[in-house]
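Here's the letter readout for the chains.
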Amino acid sequence: MRAALTRYRVMAWLTGIGLVVLVLVGMPQKYLDAFGGGDAVVATVGVAHGWLYVVLLITTFDLGNRVRWSWGRMLLTALAGTIPFLSFYAEHRNTRDVRARLGARSATAA
């Protein structure tokens, strides 16, 4: 379960960083001609964010099944990757939840 949590955390951060760069740099660059204009950032970061988001969906599903999250929680966690900065908050909350469950499992086993 720890490995699944690590995979999820890495993907949540990568997806979140990609989305923040896309929204705060790429979109103004493309639509407001800021940062020199053009759509190079949107073209590269947008594609990368799309693929990273797909991997985030897979890692969310994997972790959610292992921890026995409800479908609603998995859906909200997956949607957090589409709203800037929300993936960081969701990752923090989910990490705290999974670590608490791991701690409870360790205490029960001992």
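Since we're looking at a predicted model, the values are computed, not measured.

Caption draft 1: How the structure looks around the nonpolar core. Counting residues in each nonpolar core, the largest one holds 16 residues, and the members touching the most others are Leu5, Tyr8, Leu56, Leu63, Val67, Trp69 and Val98. Taken together, the elements giving at least two residues each to this core come down to helix H1 (2-31), helix H2 (40-67), helix H3 (71-79) and helix H4 (86-109). Among all residues touching tryptophan 69, those that are not within four sequence positions of it are Thr60, Leu63, Gly64, Met74, Thr77, Asn94, Asp97, Val98 and Arg101. Counting five residues, the second largest nonpolar core, distinct from the first, contains Leu19, Leu22, Val42 and Val45.

Caption draft 2: Representation of the side chain of threonine 95 in the model. In this fold, threonine 95 is placed in helix H4. Looking at threonine 95, the relative accessible area reads 4%, which means it is buried. Threonine 95 has contacts with Leu5 and Arg9, leaving out every residue within four places of it along the chain.

Rules and cut-offs
Residues numbered from 1 in each chain as written. Predicted model: local features only at pLDDT ≥ 70, side-chain atom pairs only at ≥ 80, totals over all residues. Heavy atoms only, no water. Core = buried A, V, L, I, M, F, W, Y, C linked by side-chain atoms within 4.5 Å. Buried < 20%, exposed > 50% of the residue type's maximum accessible area, 1.4 Å probe, protein only. Helix = DSSP H or I, 4+ residues; strand = E, 2+ residues; numbered from the N terminus. Contact = heavy atoms within 4.5 Å.

The values are spatial; any link to function lies outside them.
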